[in-house]
There are 2 protein chains.
Amino acid sequence: MPQAVNTIINARWIIPVSDQDKTDYLYQHSLVIQQGRIEAVLPTETVSGQYTAEETIELTEHALMPGMINTHTHASMSLFRGLADDLPLMDWLNNHIWPAEAKWVNEEFVRDGTRLAIAEMIKSGTTCFNDMYFFPDITAQVSASSNIRATVGMIVIDFPSNWAADQNDYFNKGLQVHDQYKDHPLIKAAFAPHAPYSVSDEPLQRIQMLANELDVAIHMHVHETVDEINMGIENHHCRPIERLNRLGLLSPSLMAVHMTQLTEDEIQLISDTGTQVVHCPQSNLKLASGFCPVQKLVENNINVALGSDSAASNNNLDMLNEMQTAALLAKGVSGNAEAVPALQALKMATINGAKALGIDSETGSLEAGKSADITAIDMNRSGTEPVYNPISQIVYASQSADVSDVWIAGKQVLKNRQLTLMDEKDIIEKARNWQTRILTG
Amino acid sequence: MPQAVNTIINARWIIPVSDQDKTDYLYQHSLVIQQGRIEAVLPTETVSGQYTAEETIELTEHALMPGMINTHTHASMSLFRGLADDLPLMDWLNNHIWPAEAKWVNEEFVRDGTRLAIAEMIKSGTTCFNDMYFFPDITAQVSASSNIRATVGMIVIDFPSNWAADQNDYFNKGLQVHDQYKDHPLIKAAFAPHAPYSVSDEPLQRIQMLANELDVAIHMHVHETVDEINMGIENHHCRPIERLNRLGLLSPSLMAVHMTQLTEDEIQLISDTGTQVVHCPQSNLKLASGFCPVQKLVENNINVALGSDSAASNNNLDMLNEMQTAALLAKGVSGNAEAVPALQALKMATINGAKALGIDSETGSLEAGKSADITAIDMNRSGTEPVYNPISQIVYASQSADVSDVWIAGKQVLKNRQLTLMDEKDIIEKARNWQTRILTG
């Protein structure tokens, strides 16, 4: 007698991104969802003998893959998308972004900006994001109500902001968010010290201690630019990674974002300490920050995840696009056309992000027992046919508009390109209102 | 009394890409089309007093830009999209692409493959392409019937193919195509010697002479990889550019494609001779061929156009995607975040391609008198809002699915995402049939 389940999705291909599977992708397979979790992945021809579902969905031209994980972003900055382009990092930060943030960032900005970002993320197949920004309480609230998985940053930075007045205020407000969401199925908190040049030793030591105690991750910009290295040498008499090591921060709990400036010794140290690296290729290119040596990191068994950074330095939150750039750029930078092949890029955008966030038992691959965080990609258009290998096509040819359906924890949040829980028209209208205020203010 | 015209398009923005305009983009302007040509570009509020049209189109959320020019591709190779990925150029060519071509390339292959490519190109806003492949007669025929602008390559290569038996055969068949289309409004022919390592001196001299005589362009892969340079030194005792210079090929008639290996002296020589460069960033990255020093070329007043190369080494023909990569990569390679800003990238994808092909009096910008080759981009979605600057958004955030409408020589070939002259379903079905044959053959 077949087992009763909630949903069966019959797909042309399933790409589990699982280390257990012998094949990289499965042809004409089905994914079974029961109570928000993946019950089974099995050949479509055998599914009806084993399961009977409330809802059966036919995705005959589609590939199912794990929902993507954007392991570094500042979601609400989407309201600054394209505000200041074609500028180097320090000019961009000091003369454009930081003044705009000082003037505009408040609860309403973060609410409207995060909703804009989540709409874009879900429509481009992202089911989880790792955020660093002011008002993480609002980011958490909006994420929970949009049913997207998020790790929000308990941001710490040496200067005051509209969110917190001083160091203690940052810690207190951040820890309140942590406490509020500690049992939430989708929302987590991580410490988010901004960067080596903007956070002094004392708060970093406090973060190290608290992160251990509370068992939460740490999310930090590290070795993004040559400027940062120079500031480290000037102010702390060593390169930032050496300082972080001395402060005890290098560990599997640390997500070190960017990492474009790395010596061989530093790569070894990152590998030895199990530190996670988050690669943001488009942002690094756009700000001319340097090249993260991704292939070398992979060869040294370092877990490399992928992030878009904010839409103000990208200018999208599109992980398919980011994955394509990561796969292409690694080849150019290493001079090796076999570097970061398509499946490796797909792992960086899925399971590696889950590992970096410490949630790989919950999400990041399509395996029985995990949360049903799923992205369906329609492969049937002139720009992606014929399909010799669906993984290669997704990484090198698909675009976010091909994402047809998305589930998070078993709930369908995108249905045939339509958001089911969000009003995209209203979100865009609010974004335009912000634009008018920012331009005329 | 208002002048009677065929079409008025009222758009939110018009990006003329014209050196004459003082502003980079125009807000709430209209474009007037009469008998296939641009009659005027003027403020929407003044259009009704001056023109009355058979058809008025409201594109209230859209930007109009010149149709893009893909200045280097091998269109019909789209049937090999994803056949062999993550491999270096010479392995990819010798062990995968060339054997597949020897086995499969014939008139039917080129017809079906070119149709697939044109469908993708039009749907991604490309209105003109510069092709190099066997059976250029078929490419020309399919392009003409699809109403897309094309320059087809009179290919010359030292070894026989299914298209031609020997050198004379290549020349004779190529020149027949040239003669057949010499008065065609959309189709042109250019000589297309494959590469320095695959074409010997004698045919190159003959091409140089004939190109002068017939006033046609020359389209050639040049300095694509280190291997090519080494082969040149071994077989001709000099680097390929020196050999091409000695043979008299460096001139404004030559489109030198790839150019990833360039000394300072060679850059000077390219500049002095007015040689055109065609940059293919995604293909160069994917095959790990090297980095074209685009910013240095621009600083030396060299005209740099943009190409996708074939879908077998990309894996798409999407010029929006290519433009984004070009703008981002130039910053990373030069270490200068101000390198190739958005408008420069847009020029590379439009007017610079027209200049390289010698058709800039006909197309490449939206100016009165030129052919109405127009791409409309819908800017109204969560991934591209708000719009502080439409040019920046198009280059860094838009995707080909945002291309809503396309006109070529005044004829609408894409209408609200639907091809008007091509049957996309049939095109995809034929592509799938080829896939089955190639995989089981």
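Residues numbered from 1 in each chain as written. Chains lettered and ligands numbered in written order. Predicted model: local features only at pLDDT ≥ 70, side-chain atom pairs only at ≥ 80, totals over all residues. Heavy atoms only, no water.

When helices and strands are tallied, chain A shows 16 helices and 16 strands. A globule of 441 residues ought to have a C-alpha radius of gyration of about 22 Å, and chain A, at 21 Å, matches this closely. Once the C-alpha set of chain A is aligned to its principal axes, its extents read approximately 70 × 45 × 45 Å. Within chain A, buried positions represent 65% of all 441 residues. (Helix = DSSP H or I, 4+ residues; strand = E, 2+ residues; numbered from the N terminus. Rg over C-alpha atoms; globule rule 2.2 N^0.38 Å. Buried < 20%, exposed > 50% of the residue type's maximum accessible area, 1.4 Å probe, protein only.)

Another point: empty space enclosed by the protein. Enumeration over the complete set of coordinates arrives at 6 cavities of 30 Å³ or more. Together, 27 residues line the largest cavity, and A:Asp318, A:Asn321, A:Gln399, A:Ser400 and B:Gln399 are the ones closest to its centre. Breaking the lining of the largest cavity down by element, the ones donating at least two residues are α3 (107-123) and α12 (319-334) of chain A together with α12 (319-334) of chain B. Of the residues contributing to the lining of the largest cavity, the split by class is 4 nonpolar, 15 polar and 8 charged. Taken as a whole, the second largest cavity encloses approximately 230 Å³ of empty space. The wall of the second largest cavity is formed by 24 residues, among which B:His74, B:Leu93, B:Trp98, B:His194 and B:His221 lie closest to the centre. With 6 residues, helix α2 (residues 89-104) of chain B is the single largest residue contributor to the lining of the second largest cavity. Its residues assigned to classes, the lining of the second largest cavity shows 14 nonpolar, 7 polar and 3 charged. (1 Å grid on protein atoms, 1.4 Å probe; cavity = no way out; pocket = protein on both sides within 12 Å on 5 of 7 lines; lining within 4 Å. Points joined across faces, edges and corners; volume = space filled by probe spheres on them. Nonpolar A, V, L, I, M, F, W, Y, C, P; charged D, E, K, R; others polar.)

All right, on to the interface of chain A and chain B then. Tallying the contact residues gives 61 residues for chain A and 62 residues for chain B. Carbon and sulfur atoms supply 53% of the area buried between chain A and chain B, which totals about 4900 Å² over both sides. On inspection of chain A and its partner chain B, the count reaches 6 salt bridges. The residue A:Lys331 makes a salt bridge to B:Asp86 at a minimum N-O spacing of 3.3 Å. (Contact = heavy atoms within 4.5 Å. Buried area = accessible area lost by both parts, 1.4 Å probe. Salt bridge = Lys/Arg side-chain N within 4 Å of Asp/Glu carboxyl O.)

Summed over the entire model, instances satisfying the criterion amount to 16 aromatic pairs over all chains. Look at B:Phe80 and B:Phe109: their rings are 5.0 Å apart centre to centre, the planes differ by 40°, and that puts the pair in the tilted class. Taken together, the residues span a long stretch of sequence, with B:Phe80 in the loop between β5 (68-73) and α2 and B:Phe109 in helix α3 (residues 107-123) at a distance of 29 residues. Arranged with centres 6.4 Å apart and planes meeting at 90°, the rings of B:Trp104 and B:Trp434 form a pair that is edge-to-face. In this pair, B:Trp104 sits in helix α2 while B:Trp434 sits in helix α16 (residues 424-440), placing the two residues 330 residues apart along the sequence. An identical accessibility class is assigned to B:Trp104 and B:Trp434; each is buried. Three or more aromatic residues joined by ring pairs form one cluster here, namely A:Phe80, A:Trp104, A:Phe109 and A:Trp434. One Lys or Arg, B:Arg12, reaches over the ring of B:Trp13 and ends 5.2 Å from the middle of that ring. The aromatic ring of B:Phe171 is capped on one face by B:Arg206, whose charged end is 4.0 Å from the ring centroid. (Phe/Tyr/Trp six-rings, centres within 6.5 Å; stacked < 30°, edge-to-face > 60°. Lys NZ or Arg CZ within 6 Å of the ring centre and 35° of its normal.)

Glancing now at the relation of the copies chain A and chain B. Laying chain A over chain B is done by rotating through 180° and shifting 0.0 Å along the axis; what remains is an RMSD of 0.0 Å. Taken together, the rotation and translation describe the operation of a two-fold axis. Relative to the rotation axis, the closest C-alpha in chain A is found at A:Ala401, a distance of 3.1 Å. Interface overlap between copies: 100% of the residues of chain A at the interface are likewise at the interface in chain B, consistent with a symmetric, same-surface contact. (Least-squares fit on C-alpha atoms with pLDDT ≥ 70 in both.)

Moving on, we get to the sheet that holds strand β14 (residues 403-408) of chain A. All names here are of chain A. Taken together, the 8 strands give an open sheet; going across it, the order is β3-β2-β1-β4-β13-β14-β15-β16, and neighbouring strands pair in mixed fashion. At either end of the open sheet lies a strand with only one pairing partner, and these are β3 (37-43) and β16 (418-419). Here 7 bridges tie strand β1 (residues 3-14) to strand β2 (residues 26-34), and the two strands are oriented antiparallel to one another. If you follow threonine 7 over to β2, its bridge partner there is isoleucine 33. (Pairing = 2+ DSSP bridges.)

Turning our eyes to something else, we now look at the environment of A:Pro240. All names here are of chain A. Tracing the chain through its elements places proline 240 in helix α8 (residues 240-246). When its relative accessible area of 4% is taken as the criterion, proline 240 is described as buried. In contact with proline 240, not counting residues within four places along its chain, are Pro196, His223, Glu228, Ile229 and Gly232.

Before going further, it helps to examine the layout of surface pockets. The computed volume of the largest pocket comes to approximately 820 Å³. Lining the largest pocket are 28 residues, and of these A:Ala401, A:Asp402, A:Arg417, B:Ala401 and B:Arg417 lie nearest its centre. Put simply, the parts of the chain that give the lining of the largest pocket at least two residues each are β16 of chain A together with α16 of chain B. Classifying every residue of the lining of the largest pocket by side-chain character gives 5 nonpolar, 11 polar and 12 charged.

The next point concerns helix α16 (residues 424-440) of chain A. Residues and elements named next belong to chain A. Over its 17 residues, α16 extends 24 Å from the first C-alpha to the last, a length consistent with the 24 Å expected when each residue adds 1.5 Å. Check the buried side of α16 and you find it contacts α2 (89-104), α3 and β16. N-cap assignment for α16: the residue whose side-chain oxygen lies 3.2 Å from the backbone N of lysine 425 is aspartate 423. (Expected span 1.5 Å × (residues − 1). Polar contact = N/O pair within 3.5 Å; in protein donor to acceptor, adjacent residues only side chain to side chain.)

Applying the stated rule across the entire model yields 36 salt bridges over all chains. Salt-bridge contacts for A:Arg432 lead to B:Glu385; the nearest nitrogen and oxygen are separated by 2.8 Å. Taken together, the residues span two chains, with A:Arg432 in helix α16 and B:Glu385 in the loop between β13 (374-378) and α15 (390-396). Looking at B:Glu385, the relative accessible area reads 1%, which means it is buried. As a salt-bridge pair, B:Lys296 and B:Glu264 come within 3.0 Å of each other at their nearest N and O atoms. Taken as a pair, B:Lys296 in helix α11 (residues 294-299) and B:Glu264 in helix α9 (residues 264-273) lie far apart in primary sequence, 32 residues in all. Salt bridges sharing common partners tie together A:Glu61, A:Glu385 and B:Arg432.

Turning our eyes to something else, we now look at the sheet that holds strand β2 (residues 26-34) of chain B. Residues and elements named next belong to chain B. Overall, mixed pairing links the 8 strands, which are arranged β3-β2-β1-β4-β13-β14-β15-β16 in an open sheet. Whereas interior strands pair on both sides, the edge strands pair on one side only; in this sheet they are β3 (37-43) and β16 (418-419). Alignment of strand β1 (residues 3-14) against strand β4 (residues 51-66), held across 10 bridges, turns out to be parallel. The residue bridging tryptophan 13 from the neighbouring strand is alanine 63, located in β4.

Bear in mind that shape data such as this cannot, by itself, settle questions of function.
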